[in-house]
Amino acid sequence: MATPRYKLVDNTTALGYHLVSSCVRRAWLCGFDKRTGRDYSHRKRWLVERMLCLARCFAVEVDAYAVMSNHFHLVVHYDPKACEGWSDEEVAARWVDAFPPRERGLVAEERKPEARELMLGDPVRLEKARRTLGSLSCFMKHLKQPIARRANEEDGCKGHFFEQRFYSGALLSEKAVIAAMAYVDLNPVRAKLARRLSQCKHTSIRARLLENSPTALADFIRPLASGLTRKREASHAHPSPRLGLTLATYIERLETVVEAEVATDREDRWIAEIQSLARRRHAYGSKAQLERWMANRGLRRRIEPLPA
């Protein structure tokens, strides 16, 4: 029996999470299907665009992502209490940005002000929107549902596109977050689809490499998209960094792992922190952090924590 989501996601504390969702039957519905000869790779771009759009409106920050042919990964920082500090006007603005009015399938920008005013005049709807924008499960739901509908329409079929339940692993320390980011960014290398960072398509490291500059490389790693930075601040500045690691150092570490992964003798292996992410634990962190996490949820630790 699956562990209830409320035991896996802390509803009181801002925390990092590694999220994974797979296509039904692990079918290659976002890549080249050898069985049918059809290429669905363009759907990866759909997921990236939708993810970054929603992340600016929900109470999350995206630190890393990788969209593969039959599943996708996310590393996010989620603050369950952030939405409580948003004004009604901000909730309405976020909601309309995430779910804009449409005409003939296209976003109707001129109708957005009216949509915001209508929401502000409906307290019940406004409060429901606040709870939705503050929910990690709703973020995943509204990320996947439009992709599934669009893909089904393209294929002329009905039914599920993604497996209903997504995996979530809590990241209890900065070390665990960075390990998860590396694991996610290097998924194409592990899948033998890439031998260099620049070849890791539809990943956050590819996006960072394309947009970096001497200033960015020297700066601490910042979220790729943030709904935790207030709108009026976000228009003038990038989201504040949370991790004490520069982009240059992070890239250097990834390059080291890539060299080990593609080594012909295979004696070099993934560093232990990254390898552990493949085990789909409920949480990652030091022994003391894990003991507290498990005790608060009535769970039992079965696997050793990340090395110190």
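The following paragraphs examine the structure supplied in this document. (Residues numbered from 1 in each chain as written. Predicted model: local features only at pLDDT ≥ 70, side-chain atom pairs only at ≥ 80, totals over all residues. Heavy atoms only, no water.)

1. Examining the layout of surface pockets
To locate leftover empty space, one rolls a probe as large as a water molecule over the atoms. The calculated volume of the second largest pocket comes to roughly 450 Å³. As for the second largest pocket, its lining consists of 16 residues, of which Arg50, Arg102, Pro146, Ile147 and Arg150 are closest to the centre. Mapped onto the lining of the second largest pocket, the elements with two or more residues apiece are helix H2 (42-55), helix H3 (88-98) and helix H6 (136-155). Per element, the largest residue contribution to the lining of the second largest pocket is six residues, and it comes from H6. When its residues are assigned to classes, the lining of the second largest pocket shows seven nonpolar, three polar and six charged. (1 Å grid on protein atoms, 1.4 Å probe; cavity = no way out; pocket = protein on both sides within 12 Å on 5 of 7 lines; lining within 4 Å. Points joined across faces, edges and corners; volume = space filled by probe spheres on them. Helix = DSSP H or I, 4+ residues; strand = E, 2+ residues; numbered from the N terminus. Nonpolar A, V, L, I, M, F, W, Y, C, P; charged D, E, K, R; others polar.)

2. Things to note about the pairing of strand E5 (residues 71-78)
Within E5, eight of the eight residues are buried, which leaves the element mostly enclosed by the surrounding structure. Burial of E5 is two-sided: the residues His71, His73, Val75 and His77 facing one way and the residues Phe72, Leu74, Val76 and Tyr78 facing the other way are all buried. Across eight bridges, the pairing between strand E1 (residues 15-22) and E5 is antiparallel. Following the sheet pairing, Ser21 is matched in E5 by Phe72. Relative to E5, strand E4 (residues 60-67) runs antiparallel, the two sharing seven bridges. By the bridge assignment for E5, Val62 is matched with Val76. (Buried < 20%, exposed > 50% of the residue type's maximum accessible area, 1.4 Å probe, protein only. Pairing = 2+ DSSP bridges.)

3. Digging into the packing of aromatic side chains
Taken as a whole and judged by the stated rule, the model has five aromatic pairs. Ring geometry for Phe72 against Phe162: centres 5.8 Å apart, planes inclined by 85 degrees, an arrangement best described as edge-to-face. With Phe72 in strand E5 and Phe162 in the loop between H6 and strand E8 (167-171), this residue pair connects regions lying 90 residues apart in the sequence. The exposure class of Phe162 is buried, given its relative accessible area of 6%. (Phe/Tyr/Trp six-rings, centres within 6.5 Å; stacked < 30°, edge-to-face > 60°.)

4. Examining the environment of Lys44
Its location among the elements puts Lys44 in helix H2. Distance in space between the C-alpha atoms of Lys44 and His202 is 6.8 Å, their sequence separation being 158 residues. Among all residues touching Lys44, those that are not within four sequence positions of it are Cys30, Val67, Met68, Ser69 and His202. (Contact = heavy atoms within 4.5 Å.)

5. Some points on helix H9 (residues 204-211)
Turning to H9, its buried residues number three or more, namely Ser204, Ile205, Ala207 and Arg208. Along H9, the residues classed as buried sweep out an arc of 160 degrees about the axis, all on the same side. (Arc of directions from axis to C-beta.)

6. Quick word on the sheet that holds strand E9 (residues 225-226)
With mixed pairing, the six strands of this open sheet are ordered in space as E9-E4-E5-E1-E8-E10. The sheet terminates laterally at E9 and strand E10 (283-284), the two strands that pair on one side only. One ladder, built from five bridges, connects E1 with E8; its direction is antiparallel. By the bridge assignment for E8, Tyr17 is matched with Ala170. On the sheet, H2 packs against E4, E5 and E9 and is oriented at approximately 175 degrees with respect to E4. Across the sheet, helix H7 (residues 174-185) lies against E1, E4, E5, E8 and E10, angled at about 35 degrees from E4, the strand it touches most. (Axes fitted to C-alpha atoms, helices over the stretch in contact; angles between N-to-C directions.)

7. Quick word on the pattern of salt bridges
Enumeration according to the criterion identifies 13 salt bridges in this entry. A salt bridge links Arg242 to Asp63, with the shortest nitrogen-to-oxygen separation between them at 2.7 Å. Taken together, the residues Arg242 in the loop between helix H11 (231-234) and helix H12 (247-261) and Asp63 in strand E4 connect sequence positions 179 residues apart. The exposure class assigned to Asp63 is buried, which follows from its relative accessible area of 3%. (Salt bridge = Lys/Arg side-chain N within 4 Å of Asp/Glu carboxyl O.)

8. Quick look at unusual backbone geometry
Phi at Lys192 takes a positive value of approximately 60 degrees, unusual for a residue other than glycine. Positionally, Lys192 belongs in the loop between helix H8 (187-190) and H9. One non-glycine residue with positive phi stands out, namely His202, at about 55 degrees. Mapped onto the elements, His202 comes out in the loop between H8 and H9. Residue class for His202 comes out partly exposed when judged on its relative accessible area of 28%.

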